[in-house]
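# Inside the fold
One-letter residues, chain by chain:
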Amino acid sequence: MDFSSEPGPKMGCVIRGRAPATSLSYHESGSHLFVASEKDSVLRIVDCLNGGAPTDRPPMLKLQREGIRTVQSTHHGHCVLFSPGMNDGVPKKNNIYYLSVHDNKIVREFEGHSGVINSISMSPVDDTFLSSGIDGTVRLWDCGKSGSIGELKLPENAEAPLAAFDSTGLVFGVSAAMASGEGYHINLFDARNYTVGPFAEMTTTRHDIESKIRLSGSTPERAYALSKEEWTSMEFNKSGKQILVGANGIALSIDGYEGTVLHSFLTEAGSSGTSQSYPMAACFTADDRSVICGNDDGTVSCYQADSGLLARKLRGHVDRVGAVAVNPKYAQLATACTNTAVW
């Protein structure tokens, strides 16, 4: 997607919500979008071709019993995976649910994690998916089976793991914080033979992160604070050459072969003037040309992925943009505060 040429993206439709969206996920067909909202335990479905409520499924589902925080589309157009919402900072369950949105029924419940689930990643080639939790484990599942089909137990000194498939489904990456707080490990696994261990091991140091942040013009104090923020999301670009991670107030693009920090993207502060209290929502575009970042001030920043330079800023949201996603088939992106906008 080219954000440098005029007139630039325009808001095509806006879907009103009652609570901030916490997760967005496009179906692989690009025809519809799933929007999760943790505060009111609602899953919304958007028809991305017609810009409104779908006609072949309910536009909104209430998941009051389980709650919902993160949603992940699957290969089945009427089924999604989701992690439960929180009650006073504690999840209702440490399970993952496979939901049929056609009739609002839980098809399968995946039990195994003993701590909060912080990432779900669907394989692009089959019905397996990855999950990671603060219990220090990464698990591999099959949508058709209840129990996990594989488990990676990280060293006791590894903290806050995240896991994600690349675009081929042949490789997945696992990141984990160093116990010393001096950076992160990123290991790459062959999805067909992960039990033998990683085929590549990389380290992203806190010093490297801090240096890139300072180059963006941040004060030394802010650069140091941001460099120590816990990573909250991870994804590969389509070519696998870059990895994008999000943290409170910042996103980083990382070399997919070396683990070095390529660029840092800092959120724009909201009305309070602070920008480090929330995880930054960020994603690559499907053509690998741009990085999309949601800001605390309600704007959306579109950066050039190769140079890290700002190409365009999108305006229209009234509050913090806490979730972003890019359509895998069409030149379209979705951004959400309380309301979800399709551009």
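Here the structure is shown first, and the text comes after it.
Reading the values: the criteria
Residues numbered from 1 in each chain as written. Predicted model: local features only at pLDDT ≥ 70, side-chain atom pairs only at ≥ 80, totals over all residues. Heavy atoms only, no water. Helix = DSSP H or I, 4+ residues; strand = E, 2+ residues; numbered from the N terminus. Buried < 20%, exposed > 50% of the residue type's maximum accessible area, 1.4 Å probe, protein only. Contact = heavy atoms within 4.5 Å. Areas by Shrake-Rupley, 256 points an atom, 1.4 Å probe, with all protein chains shown as cover. Lys, Arg positive; Asp, Glu negative; His and termini not counted. Charge placed at Lys NZ, Arg CZ, Asp CG, Glu CD. Pairing = 2+ DSSP bridges. Axes fitted to C-alpha atoms, helices over the stretch in contact; angles between N-to-C directions. Parallel < 35°, antiparallel > 145°, perpendicular 65-115°, else oblique. Left-handed = near helix turned anticlockwise from the far one by under 90°. Nonpolar A, V, L, I, M, F, W, Y, C, P; charged D, E, K, R; others polar. 1 Å grid on protein atoms, 1.4 Å probe; cavity = no way out; pocket = protein on both sides within 12 Å on 5 of 7 lines; lining within 4 Å. Points joined across faces, edges and corners; volume = space filled by probe spheres on them. Salt bridge = Lys/Arg side-chain N within 4 Å of Asp/Glu carboxyl O. Phe/Tyr/Trp six-rings, centres within 6.5 Å; stacked < 30°, edge-to-face > 60°.

Moving on, we come to the overall build of the protein chain. Counting its regular elements, the protein chain contains 2 helices and 30 strands. Once the C-alpha set of the protein chain is aligned to its principal axes, its extents read approximately 50 × 50 × 40 Å. Counting all 343 residues of the protein chain, 55% fall into the buried class. Here the analysis covers contacts within the protein chain between residues at least 6 apart in sequence; of these, 45% occur between residues at least 24 apart. Counting only carbon and sulfur atoms, one obtains 48% of the accessible surface of the protein chain, whose full area is about 14800 Å². Within the protein chain, one finds 30 positive and 38 negative side-chain charges whose respective centroids are separated by 6 Å.

Moving on: the sheet that holds strand 26 (residues 300-304). The 4 strands lie next to each other as 24-25-26-27, forming an open sheet whose pairing is antiparallel. With partners counted over all chains shown, the strands left at the sheet margins are strand 24 (282-284) and strand 27 (310-314), one partner each. Adjacent strand axes in the sheet meet at a mean angle of 20 degrees, parallel and antiparallel pairs treated alike. Bridging between strand 24 and strand 25 (residues 290-294) involves 3 bridges; their strand directions are antiparallel. What sits directly across from Cys283, in strand 25, is Ile292.

Let's shift gears to the environment of Phe3. Summarising the element assignment, Phe3 is placed in the segment before strand 1 (13-15). Given the relative accessible area of 2%, Phe3 is considered buried. Spatially, the C-alpha atoms of Phe3 and Asp288 are 13 Å apart, while their sequence positions differ by 285 residues. The contact partners of Phe3, leaving out residues within four places of it in the chain, are Pro9, Thr285, Ser290, Ile292, Cys302, Ala311, Arg312 and Leu333.

Attention now moves to the sheet that holds strand 11 (residues 105-110). The strand order across the open sheet built from 4 strands is 6-7-10-11, with neighbouring strands paired in antiparallel fashion. Sheet topology places strand 6 (70-73) and strand 11 at the edges, where each strand pairs with a single neighbour. The sheet shows a mean angle of 25 degrees between the axes of neighbouring strands, direction not considered. Across 5 bridges, the pairing between strand 10 (residues 96-100) and strand 11 is antiparallel. Paired with Leu99 across the bridge in strand 11 is Ile106.

Neither face of strand 29 (residues 333-336) is left uncovered, since the one carrying Leu333 and Thr335 and the one carrying Ala334 and Ala336 both have all their residues buried. Note that strand 28 (residues 323-326) and strand 29 share 4 bridges and pair antiparallel. Bridge pairing links Val326 to Leu333 in strand 29. In sequence, strand 28 turns back onto strand 29 through a hairpin of 6 residues. Strand direction decides the pairing type here: strand 29 and strand 30 (residues 340-342), joined by 3 bridges, are antiparallel. Across the sheet, residue Ala334 finds its bridge partner in strand 30, namely Val342. In this antiparallel pair of consecutive strands, strand 29 and strand 30, the connection spans 3 residues.

Time to look at the packing of helix 1 (residues 206-215) against helix 2 (residues 220-227). With their axes 8 Å apart at the nearest point, helix 1 and helix 2 run at an angle of 140 degrees to one another. Relative to helix 2, helix 1 is oriented oblique. For the pair helix 1 and helix 2, the crossing hand works out as right-handed. Residues Arg206, Ile209, Glu210, Ile213 and Arg214 of helix 1 form the contact with helix 2, whose own contacting residues are Pro220, Ala223, Tyr224, Leu226 and Ser227. Looking at the contact of helix 1 with helix 2, its residues break down into 6 nonpolar, 1 polar and 3 charged.

Moving on, we come to empty space enclosed by the protein. Within this structure, the stated rule accounts for 5 cavities of 30 Å³ or more. For the largest cavity, the full set of lining residues is Ile15, Arg16, Gly17, Ala19, Ala21, Val35, Ala36, Ser37, Val42, Arg44, Thr338 and Thr340. When residues of the lining of the largest cavity are traced back to their parent elements, those giving at least two are strand 3 (32-37) and strand 4 (42-47). A total of 3 residues in the lining of the largest cavity trace back to one element, the largest contributor, which is strand 3.

Summed over all chains, the structure comprises 10 salt bridges. The closest approach of N and O atoms between Arg65 and Glu66, which form a salt bridge, is 2.6 Å. On the basis of relative accessibility, which here comes to 68%, the residue Arg65 falls in the exposed class. One continuous salt-bridge network, built from bridges that share partners, spans Glu182, Arg206 and Glu210.

Let us now look at the packing of aromatic side chains. Within the structure shown, the criterion is met by 9 aromatic pairs. Relative to Trp141, the ring of Phe129 has its centre 6.2 Å away and its plane inclined at 10 degrees; by these criteria the two rings are stacked. Taken together, the residues Phe129 in strand 13 (residues 128-133) and Trp141 in strand 14 (residues 137-142) connect sequence positions 12 residues apart. Accessibility expressed as a relative area gives 0% for Trp141, which makes it buried. Taken together, the ring pairs in this structure connect Phe165, Phe172, Phe189 and Tyr194 into an aromatic cluster.

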